[in-house]
Structures are given as structure tokens and as C-alpha cells.
Amino acid sequence: MEKTWRWFGKKDQIKLETLRQIGVEGIVSALHDIPNGEVWPLEAIKEYKNHIERFGLKWSVVESLPVSEAIKYAGENRDQLIENYIRSLENLGQAGVTTVCYNFMPVLDWARTDLFHPWKDGSSSLFFDKAKFAYFEIHILKRQGAEQDYTSETLSKVETLKQTMTQSDNDYLIDSVIVKTQGFVNGNIKEGDLNPVEKFKNLLSLYDGIDKNQLRENMKYFLEKIMPVCEKYGIQMCVHPDDPPFALLGLPRIVTNEEDIHWILNSVNNPHNGITFCTGSLSANPENDVPKLAQKFVSRTKFVHLRSTEVFENGDFIEADHLKGRGKLVEVIRIFEKENPTLPMRPDHGRLLSEEEDKGYNPGYGFLGRMLALGQLDGVIAAVNNEFSNQNKS
Ligand code: DNO
């Protein structure tokens, strides 16, 4: 596979030259400063691409060209927004940047409750605590009917949290769930926004009355409109699975499991309509058998995110060591190396090591943890290739 790395642009503290020195071949990035919904100008794309190439790297994947909310909930201006999206794709195509990752998750681009969950060795990782999320929905957002989405066991934990959480704990939780994880991915809520909870509630209300089927229809509408420009420029669209891959906040979810992926690929059955195979997101649904999904969807996979999770019985999940947990990355890598060895992959998320605590990296995107993961994954790639060549000899 092609070894890539998510880089957040010229403001990123991690230097392109360092990335090249640790064996990275391609960069995964976006024009992060352009507001969601606006056209990415050709000149800006070319300038960014040239900058990356000056370091002996290539701009392998766009992550993400964000899909505006009004496209997802079919708001009045969706056609104009799709038109803008098409113009951005056209400009990317003209510049020769042709793998484009996006997601179709309503409101939240991804969700965690703890961004610095401590490990015994002093490092930390991202964590999803189901009871804390339920507490957020029930007592902070005060979403009507939220209780119905949780078991009595979780609800009793929520009651305990209610007795113990202080105002500053609440603020920290709000910051983790809807601010810190969102700002850097061109999300709806940014650091410094006043009253993020109200803003968030307004965003949720845009989806009133939109169920799973309606969201699927809106995705199909979007994909059908963009396929011609993708065909013209050879653009591979790759939808990222929902993270986490289960229902949250009463919102519909349509990229969570085999049936969903099958629906997406078949409802617009065009080779340019593909997926980002994120082993991390998919593994957080205990029903997903990750290597089985990799084998099934390899021909429509255009980009791979490699990380793993461990899911607990109470519904919590933690981001595991890349070679442990439910992601089964050795098996997944064996499949992709065999079937499509030029696929771009990036080590996704990593633990934050204590010496990097005050660097202010985006959550999940420190340097050392991801570099460790890249080294581990690179080793697995070498080992499976060695296996293949031994098999050929015998
Ligand atoms: C978080 C990422 C997501 C992902 C987008 C793709 O770390 O996995 O922000 O990039 O959802 O559109």
C-alpha cells in the first residue's frame, strides 16, 4: 500500500520534510481554510499541491471535501451547494488530485467523550464512554426522548454522573464532544464559538423528520449529480464510515455496516463511487467482522484508514494499539496487499505520549503515536509480502 499521512497544512507543527524522512510517500490533506460549501479555487489547489511536491511527496488524497449540511438534509439551497461541490471536484481533477474522501454523517463529523483517556503507562488515547454521552444528550442537550435510546444500566450510570459532574466537568464534556473534535475538520462548530450547545441544538433540529431512508435518498441524489464530473476527471469518491458506527442523538446513520455499504455501492453502481475503508470506525460496531468486510468491498475501496478499537460490554470503546483489538489489521493488510497493493493507507489516530501533551496537536493526531503506528504497519506490510513471496517459491 502507499504510505500516507494526514497533514493539516502549513500551520501543522509536523514538517513535510520529517514525514518524508520517516517513510511517508503521500499526503492526505484539505484546503482547511476554505469555509464549508465554498468552491476550492484551482490556483489554491495547485499552489498547495506544488508545496507538497517540493518536499518529494505527493498530494495523494483529499480528506475531506466536506459535504454541507443542506446537501445532507436536502435544504433549499442544496442544488447550489452541489454545484459548488462539482466545481471544486472539477478544479481538483484539473490539478490531478483525484482521490476524495468525505462523509455523510449528520451534524457531527465524529464523536468521542474523552480526548485524553489515560493509559497505565502515562500516555492517553481517545475514548467513547456511552454513559457520558447519554448524560450529554439527556442533561446537557436535554434532547426529548433521549432516555429511550439507552438501557436501564446506562441510565443508572447517568444518574450517578448527574450527582457528581460539576459545571466545569460539563464544560469539558461539551468541549470534547462538539468543539475540539469538530473545529479542525471544517466542522460546524469551531473553537471560540459562543454558546456551542445552542448552535448544536439548532443544527440537530435541521434533521427533524429525516429518517434513514430519507438520508439515503439524499446521499443518492448527491452521488448521482457528482458522478459525471468524477467520470470526466477519473475522480474516486470515497465515503468514510460513520464514527462511531451506531445511532447517536436521534440522528439517522447510513454508513455503519455491510448492509449500508452494500446499499451505497449498489444504489449508485459506478466505479467512481467508492469507500474509505476505516478499520477503526468499522471495528467499533461489535457486529462488524472487519477482515470479512475488507474482503467483500476491496474492489470499491479507494483509501484505507488503519487503526483499531476495543469495544466493552457496556458499549464504551477505546482506541486500541494498532496491532491489537477488533480491527485485525494484520488480516486486513494481507487482503489489501494481495488484492490492491497500490491503495493509499494512512495510520489513523495514535496515542498521545506524555512528552507531547502540551503540543496542542489535534485530538488523535500527535506525532509520536502515529509514527509508532506507521512503523508497526510498515512492518506488517513487509511481513505479508514476505509471506507471499515464500508462497510463490513453494
Ligand atoms: C477523524 C476523522 C474524520 C474523517 C472524516 C472524513 O479523525 O476520521 O474527521 O476525516 O469524517 O470525512
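Here's a quick rundown of the structure. (Residues numbered from 1 in each chain as written. Predicted model: local features only at pLDDT ≥ 70, side-chain atom pairs only at ≥ 80, totals over all residues. Heavy atoms only, no water.)

1. Regarding the site of the ligand
Surrounding the ligand, one finds 13 residues, the nearest of these being Glu63, Ser64, Asp109, His349 and Tyr365. Between an oxygen atom of the ligand and a side-chain N or O atom of Arg6, the distance comes to 3.4 Å. Within the side chain of His349, a nitrogen or oxygen atom sits 2.6 Å from an oxygen atom of the ligand. Considered on its own, the ligand offers 330 Å² of accessible surface; in the complex 99% of this is hidden by protein. For the shell around the ligand, the element with the most residues is strand β4 (residues 99-103), which contributes three residues. Looking at side-chain class alone, the shell around the ligand contains six nonpolar, four polar and three charged residues. (Near = heavy atom within 4 Å. Polar contact = N/O pair within 3.5 Å; in protein donor to acceptor, adjacent residues only side chain to side chain. Areas by Shrake-Rupley, 256 points an atom, 1.4 Å probe, with all protein chains shown as cover. Helix = DSSP H or I, 4+ residues; strand = E, 2+ residues; numbered from the N terminus. Nonpolar A, V, L, I, M, F, W, Y, C, P; charged D, E, K, R; others polar.)

2. Let's talk about empty space enclosed by the protein
On inspection of all chains with the given rule, the structure shows six cavities of 30 Å³ or more. When its volume is computed, the largest cavity comes out at roughly 200 Å³. The wall of the largest cavity is formed by 20 residues, among which Pro66, Asn103, Asp109, Val185 and Asn186 lie closest to the centre. Taken together, the residues of the lining of the largest cavity sort by class into seven nonpolar, eight polar and five charged. (1 Å grid on protein atoms, 1.4 Å probe; cavity = no way out; pocket = protein on both sides within 12 Å on 5 of 7 lines; lining within 4 Å. Points joined across faces, edges and corners; volume = space filled by probe spheres on them.)

3. Considerations on the environment of Met1
Among the secondary structure elements, Met1 is positioned in the segment before β1 (2-6). Along the backbone, Met1 and Met345 are 344 residues apart, and their C-alpha atoms lie at a distance of 6.3 Å. Residues in contact with Met1, not counting those within four places in the same chain, are Glu25, Val304, Ile333, Phe336, Glu337, Pro341, Leu343, Met345 and Ile381. (Contact = heavy atoms within 4.5 Å.)

4. Details of the packing of aromatic side chains
As enumerated under the stated definition, the model contains 15 aromatic pairs in all. Judged by centre distance (5.1 Å) and plane angle (80°), the ring pair of Tyr85 and Phe222 falls under edge-to-face. Of this pair, Tyr85 sits in helix α4 (residues 78-95) while Phe222 is found in helix α9 (residues 212-233), placing the two residues 137 residues apart along the sequence. Each of the two residues, Tyr85 as well as Phe222, counts as buried. Through successive ring pairs, a cluster of aromatic residues spans Phe128, Phe133, Phe136, Phe200, Phe246 and Phe317. A cation over a ring is seen here: Arg78 above Tyr221, with NZ or CZ 3.6 Å from the ring centre. In this structure, Lys130 is placed above the aromatic ring of Phe246, and the distance from its NZ or CZ to the ring centre is 4.4 Å. (Phe/Tyr/Trp six-rings, centres within 6.5 Å; stacked < 30°, edge-to-face > 60°. Buried < 20%, exposed > 50% of the residue type's maximum accessible area, 1.4 Å probe, protein only. Lys NZ or Arg CZ within 6 Å of the ring centre and 35° of its normal.)

5. Description of helix α6 (residues 152-164)
An ideal rise of 1.5 Å per residue puts 18 Å on 13 residues; α6 measures up with 19 Å between its terminal C-alpha atoms. Of all the residues in α6, the buried ones are Thr154, Val158 and Leu161. Take α6 and look down its axis: the buried residues cluster within an arc of 60°, on one side only. Away from its buried face by more than 90 degrees, α6 exposes Ser152 and Gln163. At its buried positions, α6 is contacted by α5 (130-141). (Expected span 1.5 Å × (residues − 1). Arc of directions from axis to C-beta.)

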